[in-house]
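For reference, the chains in residue letters:
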Amino acid sequence: MASEIKITTEFIKLDALLKFASLVSSGGEAKQLIQDGQVLVNGEVCTMRGKKIRPGDSISINGEGEVKVV
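Here we summarise the structure given alongside this text. (Residues numbered from 1 in each chain as written. Predicted model: local features only at pLDDT ≥ 70, side-chain atom pairs only at ≥ 80, totals over all residues. Heavy atoms only, no water.)

Quick notes on the overall build of the chain
Put simply, the test is: Put simply, DSSP marks the helices as runs of H or I at least four residues long and the strands as runs of E at least two long, and each gets a number from the N terminus on. Each radius of gyration is computed over the set of C-alpha atoms, and the globule rule expresses the reference value as 2.2 Å times the number of residues to the power 0.38. Pairs of residues are marked as contacts when any of their non-hydrogen atoms sit within 4.5 Å. For accessible areas, the Shrake-Rupley method is used with a probe of radius 1.4 Å. Any residue's cover is judged against the shown protein chains and nothing else.
For the chain, the count of helices and strands is 2 helices and 7 strands. When its helices and strands are written in sequence order, the chain yields β-β-α-α-β-β-β-β-β. Expected size for 70 residues packed as a compact globule is a radius of gyration near 11 Å; at 11 Å, the chain falls within 12% of this value. Viewed in the frame of its principal axes, the chain has a C-alpha envelope of about 25 × 25 × 20 Å. Partitioning the contacts of the chain with sequence separation of at least 6, the portion at a separation of at least 24 is 44%. Only carbon and sulfur atoms are counted for the fraction: they give 48% of the accessible area of the chain, which is about 4300 Å².

Right, dumping it as structure tokens:
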């Protein structure tokens, strides 16, 4: 079951979302996971830390623990 994260802005950057959703404990950890290709955005590997994540997108790390942005 996917958890949901509500944002009140038009978008949030991928690295900030990972921290906001408590999927990582630090920005450095987020950066490393993204650079290593372990983060999936809408089912596809994303290596852009500043990728704009908008409501309707889903994020997961290593294909586990999907987070849906609403």
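Considering the pairing of strand S6 (residues 58-61)
Defined as follows: To sort residues, take the accessible area from a 1.4 Å probe on protein chains only and compare it with the maximum for the residue type: under 20% means buried, over 50% means exposed, and anything in between is partly exposed. Two strands are counted as paired when DSSP detects at least two bridges linking them.
Going residue by residue along S6, you find Ser58 and Ser60 tucked away on one face and Ile59 and Ile61 tucked away on the opposite face as well. As defined by bridge partners, strand S3 (residues 39-41) adjoins S6 across 3 bridges and the pair is classed as antiparallel. The residue bridging Val39 from the neighbouring strand is Ile61, located in S6. Pairing between S6 and strand S7 (residues 64-69): 3 bridges, direction antiparallel. Directly across from Ser58, in S7, lies its bridge partner Lys68. Turn length for the S6-S7 hairpin, with the two strands adjacent in sequence and antiparallel, is 2 residues, and the turn residue Asn62 shows positive phi of about 55°.

Structural notes on the nonpolar core
This is how the line gets drawn: As used here, the term nonpolar core means buried Ala, Val, Leu, Ile, Met, Phe, Trp, Tyr and Cys residues forming a set that is joined through side-chain atoms within 4.5 Å.
If you look at the biggest cluster of nonpolar residues, it comprises 19 residues, and the most contacted ones within it are Leu14, Leu17, Leu18, Val39, Ile53 and Ile59. Elements with a minimum of two residues in this core: helix H1 (14-20), helix H2 (27-35), S3, S6 and S7. If near-sequence neighbours (up to four positions away) are discounted, Ile53 is found in contact with Ile7, Glu10, Phe11, Ile12, Lys13, Leu14, Leu17, Val41, Ile59 and Val69.

Any functional reading would require information beyond the geometric quantities listed.
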